[in-house]
Amino acid sequence: MRIHLTSAIGLLASVVAPCQDGAAAKPAEFQFQSRSLHLDGVSRLSDLRGRPVLIEFWGRR
Amino acid sequence: MAIKLQEEFGDALQVIFVESQGHGAEEIERYGLERKWFGGKALWTSERPVRNTSSGLPSFVLLDVDGRPILEGSSIRLASQMEEAIAAEVQKIRRGPEDAPKDLKDAARDLLRGGFGSAATEAEKLIQKTEDAELAAAARALAADASGRASASAARIGRLIDEGSYLRAEDLLDEFEKAVDGSDALEALVEPLRDRLEDDALEEERKAEKALRKLESVLFAKGDDAVPPRALTKLAEKHAGTKAAARASHLAGLLADG
């Protein structure tokens, strides 16, 4: 039972991962290179400050 | 899901799609065209702008309005939490800052809403007026932040002009002009960009871009069967030497190989 509970907590942690407390976390910084597909003139992640940014990692099924 | 969120929240949210299986750029473009994924406000890249600790795909990292990561995980299992967190961030912009000093609240609210000019001007007035060193330091930081964000926006518009995206640059410049209103220093960033966009030397480039935009809008909305590669090749020949012609040739190649 304990093993099952530990596994369940482990699974949950891998699914739900709130990041550090917002006030403590540092703003993410990244400079895109020219090989990017479509960035609409955006050069750095910080260019997008002022609105939430959803970064979606995807792959072909 | 993320494409729908981008449509639902519009300019209040920025979605960045990161291809994470190492496919080549052309393969990704062809795949996206087939599925009518392009043409919206989302950005597309194969570079990873943040560390992603989730093991499966699709997964996500959500950044708050200041660029700090606030939530990450599986995009499928956490779909509703993701949407709620985005809505909360958008609400934060509408509500205005809660932790700014009282005398700086208006400026902080303006900055949060993208009013760089009024935020900078309010902060500068406060710097002149206040004898409170801590408040003056906070006002200086806010003025610098407003100025930095305005410069980043101007640089982005400049890059769009360099890339030949004149229509998009024009739209962003109109928004930018409103955003810097109220600050002489920031308003001065507008004119050089406007001059570049209105340069007569770009006339042929702009004609070519308009023609390409028409074909792209059909392609993005109706899929890769809706535009014959020949139509793009003809456009490239008619407007040879322009950036739009290069893009049209590229698209024609993708469609022909697809």
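If you're wondering where the values come from, they're calculated on a predicted model, not measured in any experiment. (Residues numbered from 1 in each chain as written. Chains lettered and ligands numbered in written order. Predicted model: local features only at pLDDT ≥ 70, side-chain atom pairs only at ≥ 80, totals over all residues. Heavy atoms only, no water.)

**Details of the environment of P228 of chain B**
Link 1 in the chain: Within the secondary structure layout, P228 of chain B lies in the loop between helix 10 (203–222) and helix 11 (229–238).
Link 2 in the chain: A relative accessible area of 46% places P228 of chain B in the partly exposed class. (Helix = DSSP H or I, 4+ residues; strand = E, 2+ residues; numbered from the N terminus. Buried < 20%, exposed > 50% of the residue type's maximum accessible area, 1.4 Å probe, protein only.)

**Focus: the packing of helix 5 (residues 116–129) of chain B against helix 6 (residues 133–163) of chain B**
Residue and element names in this part refer to chain B.
Link 1 in the chain: Where helix 5 contacts helix 6, the axes come no closer than 8 Å and their chain directions differ by 155°. Here helix 6 runs roughly antiparallel to helix 5, going by the angle between their axes. Between helix 5 and helix 6 lies a crossing whose hand is left-handed. Where helix 5 abuts helix 6, its residues F116, A119, A120, A123, E124, L126 and I127 lie against L135, A136, A139, R140, L142, A143, A146, R149, A150 and S153.
Link 2 in the chain: Its residues placed into classes, the contact of helix 5 with helix 6 shows 13 nonpolar, one polar and three charged. (Axes fitted to C-alpha atoms, helices over the stretch in contact; angles between N-to-C directions. Parallel < 35°, antiparallel > 145°, perpendicular 65-115°, else oblique. Left-handed = near helix turned anticlockwise from the far one by under 90°. Contact = heavy atoms within 4.5 Å. Nonpolar A, V, L, I, M, F, W, Y, C, P; charged D, E, K, R; others polar.)

**Here we look at the interface of chain B and chain A**
Link 1 in the chain: Each side of the interface is counted separately: chain B has 65 residues, and chain A has 43 residues.
Link 2 in the chain: Between chain B and chain A, roughly 5100 Å² of surface is buried when both sides are summed, and carbon and sulfur atoms account for 59% of that area.
Link 3 in the chain: Taken together, chain B and chain A are joined by 24 residue pairs in polar contact (both at pLDDT 80 or more).
Link 4 in the chain: For the side of chain B that touches chain A, the secondary structure elements donating two or more residues are helix 1 (2–9), strand 1 (14–19), helix 2 (25–34), strand 2 (43–45), strand 3 (59–63), strand 4 (69–74), helix 3 (79–95) and helix 6 of chain B.
Link 5 in the chain: The greatest single-element share of the side of chain B that touches chain A, amounting to seven residues, is contributed by helix 6 of chain B. (Buried area = accessible area lost by both parts, 1.4 Å probe. Polar contact = N/O pair within 3.5 Å; in protein donor to acceptor, adjacent residues only side chain to side chain.)

**Structural notes on unusual backbone geometry**
Phi is mostly negative for residues that are not glycine, and the peptide bonds are mostly trans.
Residue and element names in this part refer to chain B.
Link 1 in the chain: Here the bond from L57 into P58 is cis, since omega is 0°, no more than 30 degrees from zero.
Link 2 in the chain: Take P58: it is sitting in the loop between strand 2 and strand 3.
Link 3 in the chain: The phi dihedral of K36 falls on the positive side, at around 55°, and the residue is not glycine.
Link 4 in the chain: Among the structural elements, K36 can be located in the loop between helix 2 and strand 2.
Link 5 in the chain: Among the residues examined, K36 registers a relative accessible area of 47% and is labelled partly exposed.

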